[in-house]
Amino acid sequence: MTVRLKFSKTTEASLLLDKFIKIQKNLSKIPPKIWPNDPKPRFTETDNQRRPILDLSHPILQKLESCRTIREFHQIHGQLIISGISQHPLAASRVMKKLCTTLSSVSLAVSYFDSVKEPDPFMCNTIMKSFLTLNDPFGALSFYYEKMVATCVEHNHYTFPLLGKVCAEIRSLREGKKTHARVVKCGFGLDLFVMNSLIHMYSACGEIWDARKVFDDGSVWDLVSWNSMIDGYVKNGEVGYARELFDLMPERDGFTWNSMISGYVNVGDMEAAKGLFDIMPFRDAVSWNCMIDGYSKVGNVTLARKCFDGMAMRNVVSWNIMLALYARCKDYNECLRLFDRMIQGGEARPNKASLVSVLTACVNLGMLDRGKWIHSYIDNCKIESDVLLSTALLTMYAKCGAMDLARNVFDEMQYKSVVSWNAMIMGYGMHGQGEKALEVFMQMGKRGPTPNDATFVCVLSACTHAGMVLEGWWYFDLMQRVYKIEPKVEHYGCLVDLLGRAGLTKDSEELVRKMPKEAGPAFWGALLSACRTHSNSELGKIAAKHLMELEPRDIGPYVMLSNIYASEGKWDDVENVRRLMKEKRLQKTVGSSAVRLVEFGSEPTVENGAFSKRNFM
């Protein structure tokens, strides 16, 4: 035991000796430099408090300007502390600017701000501007109150425009008025730059008359002031007042003209927009796009295309407006032809919005091969798919019957909206794969967004196509009991069709009596058609009665009801219906359809972020 203890003490002493020798060797070496080629900075001048007088030629500040990584910044920051200049106003401001601009590390900038003993307005403004650049106006506002106001940092004429922009971004009139009060209190009430920001702030918050009061209280205004006021009027729907200012303006630029044209376009006054467009001294892509968009909104495809063809140089927005217009007007072939011209001409590269319109055309034309080409184009051009584009892609595959490809797109989506889940359920349902559709719905309930009323239209439609009567009843009840969704006409329609196909006529009749009153002619026409198919005269009478009330001059319900009675051999009822037609002098127009043949279980489609029924006949 004694031998072991002696040996242990000897070993420990040996290790301590080795460590001491290494320390001595290191101390004898020349101290390492962070920048070997640079001489040690020396200060030749000091102020009356013996602090170094800095300028931008200082070696450490020069290295700060050229640094590109956070790791390199930390090394430079260490040298600033060792050199005793980290608290110097120039050094601190350059550090703050570097962190907020080149390195984009606003969190590190805030931490550095906390270490500065005497921060100035430049540092605060730089950090607030960085928050705005990162689309975090609430972060900027929190910094303002928790750091700038809390530490009593003085405001300057750059601070208030930043605050005004923050208030405009978050649409906070309360904070905006507090900012206005501080402007007056700090003596910046006559600063043109500050007043212009207040005009914009009030306009963005919907208080256009407060913006006008600021404008009227001013003595000297520049072009920005006039444009801010006109733009505010336009965005608040006061185009008449905007035109009054427009006519009074001493000078105008492109923004002025485009704002007024956009204002007339937004209220649908294309004649006034065309009048300004014709007399404006210079036209840019924005001017042309405003006119194309205006004609697109009123559905005038001819004039929209005329403006499009008249452009000397088109940008991607010009192409997208026309592609979306053709898709909305269901001229899908022209949409694809225009897209081909876009690709071949190389004038503008298609983006996500372009491809969504083209995929819509592919869906409605059933062009699976063309849709696959679009998919490969997205991959080859490395276009980053968002939820809208991915949903359009999987919808195209689903409607064209390529459910495996649709499922691949669905599984690869990082974020799935409720429309994405609905599209997947719809795809399985319309191709008779009811069990898979319900399986997707169950997955949606576990890890997806909350189902909406369109989701249950897809689910009930899937049950209808697959003949799953019990499942349809169960999900119809689940929709009301668990998700608190009141059934709409579409839900009743799907369930009535499902019950009718199964021969459950009495249940169908009872369900129809519970239906909401807002059911339109399309629903009752489809129900009447289903009654003829399944020879259900009782339900047919109910449907025909509603159709006759909604469209008394339409002969279709009478003819269809007569055919139902005839198929059941009820000739007296047939004669009664024909006599009623003669009394009302109803005659079937040659070439017209007797009724609207709309199937309740027809496929739901994506329209404006939701699903709706569509008749493809």
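Residues numbered from 1 in each chain as written. Predicted model: local features only at pLDDT ≥ 70, side-chain atom pairs only at ≥ 80, totals over all residues. Heavy atoms only, no water.

**Quick look at the overall build of the protein chain**
Test applied: Helix and strand definitions follow DSSP, with helices as H or I runs of at least four residues and strands as E runs of at least two, each counted in order from the N terminus. Burial classes: relative accessible area under 20% of the type maximum marks a residue as buried, over 50% as exposed, and values in between as partly exposed (1.4 Å probe, protein chains only). In what follows, a contact means two residues having at least one pair of non-hydrogen atoms within 4.5 Å. Here the Shrake-Rupley method, with its probe set to 1.4 Å, supplies the accessible areas, and only the displayed protein chains count as covering residues.
Broken down by element type, the protein chain carries 33 helices and two strands. Burial statistics for the protein chain: of 617 residues in total, 45% are counted as buried. Residue pairs in contact within the protein chain that sit at least 24 positions apart in sequence constitute 59% of those at least 6 positions apart. In the structure as shown, the protein chain presents an accessible area of about 33,200 Å², 53% of it carried by carbon and sulfur atoms.

**Some remarks on the confidence of the model for the protein chain**
Formally: As a per-residue quantity, pLDDT reports the predictor's confidence and falls between 0 and 100.
Of all residues in the protein chain, 83% attain a pLDDT of 70 or more, and the chain-wide mean is 83. Confidence drops under pLDDT 50 across residues 590–617; counting only partners more than four residues distant or on other chains, this segment forms 74 contacts.

**Examining helix α32 (residues 556–567)**
Residues three or four positions apart in an α-helix share a direction because the helix packs 3.6 residues into each turn. Note the cut-off: Helix span, as expected, comes to 1.5 Å for every residue beyond the first.
The end-to-end C-alpha distance of α32 is 17 Å, a good match for the 16 Å that 12 residues give at a rise of 1.5 Å each. Listed in full, the buried residues belonging to α32 are Gly556, Pro557, Tyr558, Met560, Leu561, Ser562, Ile564 and Tyr565.

**A closer look at unusual backbone geometry**
One non-glycine residue, Lys330, lies in the positive phi region at around 65 degrees. Note that Lys330 resides in the loop between α18 (316–328) and α19 (332–345). Judged by its relative accessible area of 55%, Lys330 falls in the exposed class. For Lys382, which is not glycine, the phi torsion reads 55 degrees and is therefore positive. Structurally, Lys382 can be placed in the loop between α21 (368–380) and α22 (387–399).

**Overview of the environment of Met444**
With respect to the helices and strands, Met444 occurs in helix α25 (residues 434–447). A C-alpha to C-alpha distance of 10.0 Å links Met444 and Thr455, two positions 11 residues apart in sequence. With residues near it in sequence (within four places) discarded, Met444 still touches Val418, Trp421, Asn422, Ile425, Pro449, Thr450, Pro451 and Thr455.

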